[in-house]
Amino acid sequence: MENTTQTQPQSFKGVVVKTAMKDTVTVAVSRFVQHPKYKKFLVRTKKFLVHDEGNTVKEGDEVTIVACAPISKRKSFKIVK
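About the criteria used
Residues numbered from 1 in each chain as written. Predicted model: local features only at pLDDT ≥ 70, side-chain atom pairs only at ≥ 80, totals over all residues. Heavy atoms only, no water. Patch = residues over 30% accessible without salt bridge, like charges linked within 9 Å, V, L, I, M, F, W, Y side chains within 5 Å. Areas by Shrake-Rupley, 256 points an atom, 1.4 Å probe, with all protein chains shown as cover. Salt bridge = Lys/Arg side-chain N within 4 Å of Asp/Glu carboxyl O. Helix = DSSP H or I, 4+ residues; strand = E, 2+ residues; numbered from the N terminus. Phe/Tyr/Trp six-rings, centres within 6.5 Å; stacked < 30°, edge-to-face > 60°. Buried < 20%, exposed > 50% of the residue type's maximum accessible area, 1.4 Å probe, protein only. Core = buried A, V, L, I, M, F, W, Y, C linked by side-chain atoms within 4.5 Å. Contact = heavy atoms within 4.5 Å. Pairing = 2+ DSSP bridges. Axes fitted to C-alpha atoms, helices over the stretch in contact; angles between N-to-C directions.

Moving on to a nonpolar patch on the surface. On the surface, a nonpolar cluster with roughly 370 Å² of combined accessible area is contributed by Phe32, Phe41 and Val43. Structurally, Phe32 can be placed in strand β2 (residues 24–34).

Listed below in structure tokens is the structure:
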């Protein structure tokens, strides 16, 4: 019996914070994490370089990004919507 389950590529929702580069935007992705000892919820933010063909988005837009094959050294996500 073959295993035919397909895995979905990693995807995140974030906010565009920088559009200064050609075909690349910086997207900040925030998540809630509970502190292991004190049980307080904290916001952790990580910035990703994302491929944006034709510079279609602007700062402040909410976007969904999805993992793809590496495009450059630090860029391995692209914008879905």
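On to the packing of aromatic side chains, then. Scanning the entire structure with this criterion turns up three aromatic pairs. With 5.5 Å between their ring centres and 15 degrees between their planes, Phe12 and Phe48 make a pair best called stacked. One end of the pair, Phe12, is in strand β1 (residues 11–21); the other, Phe48, is in strand β3 (residues 41–51), and 36 residues separate them in sequence. Each ring, one from Phe12 and one from Phe77, has its centre 6.0 Å from the other, and the planes form 50 degrees; the classification is tilted. In this pair, Phe12 sits in strand β1 while Phe77 sits in strand β5 (residues 75–79), placing the two residues 65 residues apart along the sequence. Residue classification places Phe77 among the buried residues on the basis of a relative accessible area of 7%.

Counting 11 residues, the largest nonpolar core is built from Val16, Val25, Val27, Val29, Phe48, Val50, Val57, Val63, Ile65, Phe77 and Ile79. Broken down by secondary-structure element, the contributors of at least two residues to this core are β2, β3, β4 (62–67) and β5. Apart from the residues lying within four places of it in its own chain, the contact partners of Val57 are Val16, Thr19, Val25, Asp52, Val63 and Ile79.

Now for the sheet that holds β5. The strand order around the closed barrel formed by five strands is β1-β2-β3-β5-β4, and the pairing between neighbours is mixed. Between one strand axis and the next, the sheet turns through 55 degrees on average, direction left out of account.

Of the pairings in the sheet, the one linking β1 to β2 comprises four bridges and is antiparallel in character. For Lys18, the partnering residue across the bridge sits in β2 and is Thr26. What sits between the antiparallel neighbours β1 and β2 is a turn of two residues, in which Asp23 has the positive phi angle 60 degrees. The turn joining β2 and β3, which pair antiparallel and follow one another in sequence, is formed by six residues; a positive phi near 65 degrees is taken by Lys39.

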